[in-house]
Amino acid sequence: MEPSIQNKLLEINRAFYNHFDGSFSATRGHVQPGVNKLLKQFDQDIQVLDVGCGNGTLARALKSQEFTGFYLGVDMSAGLLEKAKTLLGASSNSHFDFCQFDIADPQWPDHLPAKTYQWVAVFAVLHHLPGNDLRLQIARDFRKLISPDGCVTVSVWQWQNSLRLRKRVLPWFTVGLHPSQLDEGDVLLDWRAGKTIGLRYVHTFSRESLTSLANAAGFKVVETFFSDGR
């Protein structure tokens, strides 16, 4: 993918999450069944890195379980991070911290504390990153951040399985692009907040393409399942 196209797609998503942080956060308070399943697999005293933490849904789930380890939530949206801190509550202690930066920045790992993590959670993030090379580099960054006994858990949208979302696919000329400039599986979806429409870039992963990415980054896939139960 041409760097100029990649940057344009990244900017579409940056603009969305900066402008629609409030209405988006209002739809993101539910912990999916798949996340609850994962929560049961980890000890309460581990080191957790939550990439693309949004409004802190995972942090609140950990807190409700009397988490005693260290949690760091990172996101590119200042608005969503403020909501994460507010929703977590003033009673949050040294177990929880949040930091703003964009993982599309090649230097993003340099902003992290000098430690490794038993759990790197990457929920609904990779499909917003355009270009195979960028996704592979970031996956390799995750590999460097986990401890020898750690793991990375990834969720990606299967929007194509939703009739509602299939109706929200827009032609690429909406943003001045031609399909030939995009990779296979790249789509433009709209977002409705009242009468205001936002735009988001999404890459469509299959089970096979996600597994291939994991293998190329040096991971061993131990489990794959549908997170939302549908």
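Here, the structure is the one placed above.
Remember, it's a predicted structure, so these values are computed and weren't measured experimentally.

A.B. asks: Could you give an account of the overall build of the chain, naming the residues involved and the relevant values?
C.D. replies: A count of helical and extended segments in the chain gives 8 helices and 8 strands. Against the 2.2 N^0.38 benchmark of 17 Å for 230 residues, the chain shows a C-alpha radius of gyration of 17 Å, consistent with a compact globule. Based on the C-alpha atoms only, the size of the chain along its principal axes is roughly 50 × 40 × 35 Å. By residue count, 46% of the 230 residues in the chain fall in the buried class. In the chain, the share of contacts with a sequence separation of at least 24, taken over all contacts with a separation of at least 6, comes to 72%. Accessible area for the chain stands at about 11900 Å²; split by element, carbon and sulfur atoms hold 52% of it. Computed over 24 positive and 23 negative side-chain charges, the separation of the two mean positions in the chain equals 8 Å.

A.B. asks: I'd like a description of the nonpolar core, backed by residues and values.
C.D. replies: Within the largest apolar cluster, 30 residues are counted, with the highest numbers of intra-cluster contacts made by Leu49, Ile103 and Phe142. Among the elements that line this core, the one with the most residues is helix 6 (residues 132-145), at 6 residues. One finds Val35, Phe42, Phe67 and Phe96 within the second-largest nonpolar core, a separate group that totals 22 residues.

A.B. asks: Requested: an account of helix 6, with residues and values cited.
C.D. replies: Between its first and last C-alpha atoms helix 6 spans 20 Å; for 14 residues at 1.5 Å apiece the expected length is 20 Å, and the two agree. Buried within helix 6 are the following residues: Leu134, Arg135, Leu136, Ile138, Ala139, Asp141, Phe142 and Leu145. Buried residues in helix 6 make contact with helix 1 (3-19), strand 1 (47-51), strand 4 (117-123), strand 5 (146-155), strand 8 (196-203) and helix 8 (207-216).

A.B. asks: So what's going on with the side chain of His128? Which residues, and what values?
C.D. replies: Within the secondary structure layout, His128 lies in the loop between strand 4 and helix 6. The buried category is assigned to His128, whose relative accessible area is 9%. Within polar-contact distance, the side chain of His128 engages the backbone oxygen of Tyr201 at 2.8 Å. If we skip the residues at most four places from it in the chain, His128 touches Leu10, Asn13, Tyr17, Trp157, Arg200, Tyr201 and Val202.

A.B. asks: Describe in detail the pairing of strand 4, supporting the description with residues and values.
C.D. replies: The element strand 4 is largely enclosed, with a buried count of 6 among its 7 residues. As paired elements, strand 1 and strand 4 share 4 bridges and run parallel to each other. In the strand pairing of strand 4, Val48 is matched with Trp119. By the bridge criterion, 6 bridges tie strand 4 to strand 5 in an arrangement that is parallel. From the neighbouring strand, Trp119 faces strand 5, where its bridge partner is Cys151. Following the backbone out of strand 4, through helix 6 and into the adjacent parallel strand 5, one traces a crossover that is right-handed.

A.B. asks: Describe the pairing of strand 2 (residues 70-75), with residues and values.
C.D. replies: The side chains of a regular strand alternate between both faces of the sheet. Of all the 6 residues making up strand 2, 6 are buried; the element is thus mostly covered by neighbouring parts of the structure. The alternating pattern of strand 2 places Phe70, Leu72 and Val74 on one face and Tyr71, Gly73 and Asp75 on the opposite face, and all of these are buried. By the bridge criterion, 5 bridges tie strand 1 to strand 2 in an arrangement that is parallel. Note that in strand 2 the partner of Gln47 across the bridge is Phe70. Taking the sense of rotation as the criterion, the β-α-β connection linking strand 1, helix 4 (residues 57-64) and strand 2 turns out right-handed. Here 5 bridges tie strand 2 to strand 3 (residues 96-100), and the two strands are oriented parallel to one another. Looking at strand 3, one finds that Tyr71 is bridged to Phe96.

Procedures and definitions
The residue numbering used here restarts from 1 in each chain and proceeds along that chain's sequence as written. Where local features are concerned, this predicted model is filtered to residues with pLDDT of at least 70; where side-chain atom pairs are given and counted, the filter is 80 or more; whole-chain, interface and lining totals use all residues. Values shown for side chains rest on all heavy atoms present in the structure; no hydrogens or waters enter the calculation. For the purposes of this entry, the term helix denotes a DSSP run of H or I that reaches at least four residues, the term strand denotes a run of E that reaches at least two, and both are numbered from the N terminus. The reference for a compact globule is 2.2 Å times residues^0.38; the radius of gyration itself is calculated from the C-alpha atoms. When a residue's accessible area, from a 1.4 Å probe over protein chains only, is under 20% of the maximum for its type it is buried; when over 50% it is exposed; and in between it is partly exposed. Whether two residues are in contact is decided by their heavy atoms: any pair within 4.5 Å suffices. With residues, only the protein chains shown are counted as cover, and all accessible areas are computed by Shrake-Rupley using a 1.4 Å probe. Only four residue types enter the charge count: Lys and Arg as positive, Asp and Glu as negative, with His and the chain ends excluded. Lysine's charge is taken at NZ, arginine's at CZ, aspartate's at CG and glutamate's at CD. Residues belong to one nonpolar core when they are buried, are Ala, Val, Leu, Ile, Met, Phe, Trp, Tyr or Cys, and are joined through side-chain atoms within 4.5 Å. What a helix should span is 1.5 Å times the count of its residues minus one. Within 3.5 Å is the distance limit for a polar contact, defined as a pair of N or O atoms, with the added protein rule that one can donate a hydrogen and the other accept it, and that residues adjacent in sequence qualify only through two side-chain atoms. Pairing between strands is defined by DSSP: at least two bridges between them are needed. A crossover gets the label right-handed when its path from the first strand over the helix to the second runs clockwise, viewed with the strands pointing away from the viewer.

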